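An overview of the molecular structure
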Amino acid sequence: MPTSSSGTGQRPRSRAAAGLPALTADRIIDAATALTAERGLDNWTLRELARAVEAYPAVIYHHVGDRDAVVNAVVDRVVGLLELPAGDLPWQEWFTELLASLRALLRTYPGCARRLALFGPSVKAATLSIDAGVGVLLKAGFGRESVLAYNLLLMTACQFVAMEDDRDGALALRIDNTEEYATYRERADLPGMAELGAAMHDLMGDPDLAAGYYAQLYDYAVGRCLDGLAHRLGELGESGDAGLTAT
């Protein structure tokens, strides 16, 4: 926060007088984005943000708005960091690359995935990525179903990342049943539980495998969504129907 002028006991009349750089909306959003990377989107207050930029909360309101406005700006900033794959890739490869990059990005800024899953980004922030993604699907032959297919992929990705974020943010509430599940691995009378138990036993014995479990689950979910869409694309090709509603 701005401090009193040396020896006078009075506050400086401007940031320049205090030796501070001019404050802009971009500087505020930069600081809020940094706090999000450090703590998560839901774990900093407007007062903490004001301290980070050495200003008063009223200055944040003046330049950006209330906390919701700042949060929306942070989410838009994060969306703007997403790099799009090369446009000449086949559609499945394009989305595999896009969604791998999306997970890495969203995991860097915890809480943004949940916000995106619930409300999506602003039109301004998402125009380029939506136009590219839906365009890839249109080119592939999904027709009017391209928007549904795009939303399926992006919402699935965001929901899986949000689950990871929530799990990381609730360590005190987490109940680890891995060891108990592993005890079922030899239960011939419960073959499904036995299979799960064997998988949990493998996780317990391999720290690298355990550390990568949620990344593997994410990749599996994305891959199977793409498989399902590829099957649907075949149906559309056979029927010549690219209508809005899937059958």
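Residues numbered from 1 in each chain as written. Predicted model: local features only at pLDDT ≥ 70, side-chain atom pairs only at ≥ 80, totals over all residues. Heavy atoms only, no water.

**Topic: the environment of Ser101**
Relative to the assigned elements, Ser101 resides in helix α5 (residues 91-108). For Ser101, a relative accessible area of 33% corresponds to the partly exposed category. (Helix = DSSP H or I, 4+ residues; strand = E, 2+ residues; numbered from the N terminus. Buried < 20%, exposed > 50% of the residue type's maximum accessible area, 1.4 Å probe, protein only.)

**Comments concerning the packing of helix α4 (residues 67-80) against helix α6 (residues 112-119)**
One can describe the packing of α4 onto α6 by two numbers: an axis separation of 10 Å at closest approach and a directional angle of 100 degrees. Taken together, α4 and α6 sit at an angle that is classed as roughly perpendicular. For the pair α4 and α6, contact is made by Asp68, Val71, Asn72, Val74, Val75, Val78 and Val79 and by Cys112, Arg115 and Leu116, respectively. Considering only residue class, the contact of α4 with α6 consists of seven nonpolar, one polar and two charged. (Axes fitted to C-alpha atoms, helices over the stretch in contact; angles between N-to-C directions. Parallel < 35°, antiparallel > 145°, perpendicular 65-115°, else oblique. Contact = heavy atoms within 4.5 Å. Nonpolar A, V, L, I, M, F, W, Y, C, P; charged D, E, K, R; others polar.)

**Overview of the packing of aromatic side chains**
Geometrically, a pair of aromatic rings is defined through the distance of the ring centres and the angle of the planes. Tallied over the full model, the rule gives four aromatic pairs. With a centroid separation of 5.1 Å and an interplanar angle of 80 degrees, the aromatic rings of Trp91 and Phe142 are classed as edge-to-face. Taken as a pair, Trp91 in helix α5 and Phe142 in the loop between α7 (123-140) and α8 (146-168) lie far apart in primary sequence, 51 residues in all. In this structure Trp91 comes out as buried when scored by relative accessible area, which is 12%. Within the aromatic cluster, the residues linked to one another by ring pairs are Trp94, Phe95 and Tyr150. (Phe/Tyr/Trp six-rings, centres within 6.5 Å; stacked < 30°, edge-to-face > 60°.)

**Focus: the pattern of salt bridges**
Tallied over the entire structure, the rule returns twelve salt bridges. Across the pair Arg107 and Asp165 runs a salt bridge whose closest N-O atoms are separated by 2.8 Å. Placement of the pair is Arg107 in helix α5 and Asp165 in helix α8, with a sequence separation of 58 residues. The exposure class of Arg107 is partly exposed, given its relative accessible area of 27%. Classification of Asp165 by relative accessible area gives buried; the value is 9%. In this structure, Glu235 engages Arg232 in a salt bridge whose closest nitrogen and oxygen atoms are separated by 3.0 Å. Remark: Arg232 and Glu235 occur in helix α12 (residues 213-239); sequence separation between them is three residues, near one turn of the helix. Classification of Arg232 by relative accessible area gives buried; the value is 11%. (Salt bridge = Lys/Arg side-chain N within 4 Å of Asp/Glu carboxyl O.)

**Brief notes about the environment of Tyr150**
With respect to the element layout, Tyr150 can be found in helix α8. Overall, the relative accessible area of 8% leaves Tyr150 in the buried class. Taking the C-alpha atoms as reference points, Tyr150 and Gly133, 17 residues apart in sequence, are found 6.7 Å from one another. The contacts of Tyr150, once residues within four sequence positions are left out, are Phe95, Ser129, Ile130, Gly133, Val134 and Leu137.

**Quick look at the nonpolar core**
Nonpolar side chains in soluble globular proteins tend to be buried together. One finds Leu49, Phe95, Leu99, Leu102 and Leu106 to be the most contacted residues of the largest nonpolar core, which totals 52 residues. Put simply, the parts of the chain that give this core at least two residues each are α1 (25-39), α2 (46-52), α4, α5, α6, α7, α8 and α12. In this structure, Leu99 is in contact with Leu153, Leu154, Ala157, Tyr218 and Val222, ignoring residues within four places of it in sequence. (Core = buried A, V, L, I, M, F, W, Y, C linked by side-chain atoms within 4.5 Å.)

**Focus: unusual backbone geometry**
Look at Glu54: it is not a glycine, yet its phi comes out positive at around 55 degrees. Considering the arrangement of structural elements, one finds Glu54 in the loop between α2 and α3 (57-63).

**Describing the layout of surface pockets**
The space that makes up the second largest pocket amounts to roughly 350 Å³. In terms of lining residues, the second largest pocket is bounded by 20 residues, among which Leu116, Gly120, Pro121, Tyr150 and Leu154 are the most central. A total of five residues in the lining of the second largest pocket trace back to one element, the largest contributor, which is α8. For the lining of the second largest pocket, the per-class residue count stands at 17 nonpolar, three polar and no charged. (1 Å grid on protein atoms, 1.4 Å probe; cavity = no way out; pocket = protein on both sides within 12 Å on 5 of 7 lines; lining within 4 Å. Points joined across faces, edges and corners; volume = space filled by probe spheres on them.)

**Concerning the confidence of the model for the protein**
Per-residue confidence for the protein gives a mean pLDDT of 88, with 86% of residues at or over 70. Mean pLDDT values over the elements of the protein span from 81, in helix α11 (residues 207-211), up to 98, in α5. This stretch, residues 3-12, has a pLDDT under 50; its non-local contacts, to residues over four places away or in other chains, come to 13 contacts. (pLDDT = per-residue confidence, 0-100.)

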